[in-house]
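# Chain and residue survey
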Amino acid sequence: MRIFGVILAGGGARRMGGVDKAGLMLGGESLISRCIARLEPQVERLAISANGDPARFGFGLPVLADAAPLGPLAGILAALNWAAAQGATAVVAVAVDTPFFPGDLTPQLCLAAETSPTGLAIAQSGKDHPTCSLWPTSLAPALAAFLASGENPRVLSFAQAQHCARATFADARAFANINTPEDLAAAEARLKAAS
């Protein structure tokens, strides 16, 4: 199994005043650099899913634009197509605003995926975290058809329709999202408490 990774960094960040979340600083590092450091050791190759000027990232990673602005699923589809073209069998996706995701995310998702008929697995910790997930590249045609159908492009809706498995993690804080200035302040406090 060849597993690539993608960091979903294309959100509008409305509750953050429309800033580019990838560049938000947490503990002296940008959210995108924190996600790269956590995911890169877990995958063979890594890309960033984002629209707009790719030069703003500057990490030497491929930056994948959506074919259509349909949210995280469009980013996942772009990543599946990129990965499949290079012979990968699956893609692990994480959201850029989830900088504490587990260091064993990929192996745990792989174990869970063995119990799904489609090989799709999402993280769960008290609730579902569908943007932290493992996607077989073979799902690209089904995902493209779903996005073209005009249905509400929710990640969990598609994942459940594909009989996704769930990888359960004990620490609910591992998937804490940074959506608001208050979330960012809480994440800073968490880092300080851990140091």
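Each chain carries its own residue numbering, running from 1 in the written order of its sequence. Totals for whole chains, interfaces and linings use every residue, but because this is a predicted model, local features are given only for residues with pLDDT of at least 70 and side-chain atom pairs only at 80 or more, for both listing and counting. In computing side-chain values, all of the structure's heavy atoms are included and hydrogens and water are not.

Secondary structure elements are defined from DSSP: runs of H or I of at least 4 residues count as helices, runs of E of at least 2 residues count as strands, and each element is numbered from the N terminus. Looking at where G28 falls in the secondary structure, it is placed in the loop between β2 (25-26) and β3 (29-30). Distance in space between the C-alpha atoms of G28 and A121 is 32 Å, their sequence separation being 93 residues.

Here we come to the pairing of strand β4 (residues 46-49). Burial classes: relative accessible area under 20% of the type maximum marks a residue as buried, over 50% as exposed, and values in between as partly exposed (1.4 Å probe, protein chains only). Burial of β4 is two-sided: the residues L46 and I48 facing one way and the residues A47 and S49 facing the other way are all buried. Only when DSSP finds a minimum of two bridges between them are two strands counted as paired. Two strands pair when backbone bridges link them, and strand β1 (residues 3-8) and β4 are joined in this way by four bridges, in the parallel orientation. Counted as the bridge partner of V6 is A47 from β4. Relative to strand β5 (residues 63-64), β4 is paired through two bridges, and the arrangement is parallel. Of the residues in β5, the one forming a bridge with S49 is L64.

What follows deals with unusual backbone geometry. Positive phi, normally seen in glycine, also occurs at H163, with a value near 55°. Within the element layout of this structure, H163 appears in the loop between α5 (155-161) and β9 (165-168).

The next point concerns the sheet that holds β5. The sheet built from seven strands is open, its strands ordered β5-β4-β1-β6-β8-β7-β9 with mixed pairing. Either end of the sheet is taken by a strand with one partner, and the two such strands are β5 and β9. Alignment of strand β7 (residues 121-124) against β9, held across four bridges, turns out to be parallel. When the sheet's bridge partners are listed, Q124 is paired in β9 with T168. Helix α2 (residues 72-85) rests against β1, β4, β5, β6 (90-95) and β8 (128-136) of the sheet, and its axis sits at about 150° to β1. Here, residues are in contact when the closest pair of their heavy atoms is within 4.5 Å. Here the axes come from fitting lines to C-alpha atoms, over the contacting stretch only for helices, and the angles between their N-to-C directions go from 0 to 180 degrees.

Note that all results are geometric; they support no functional claim without further evidence.
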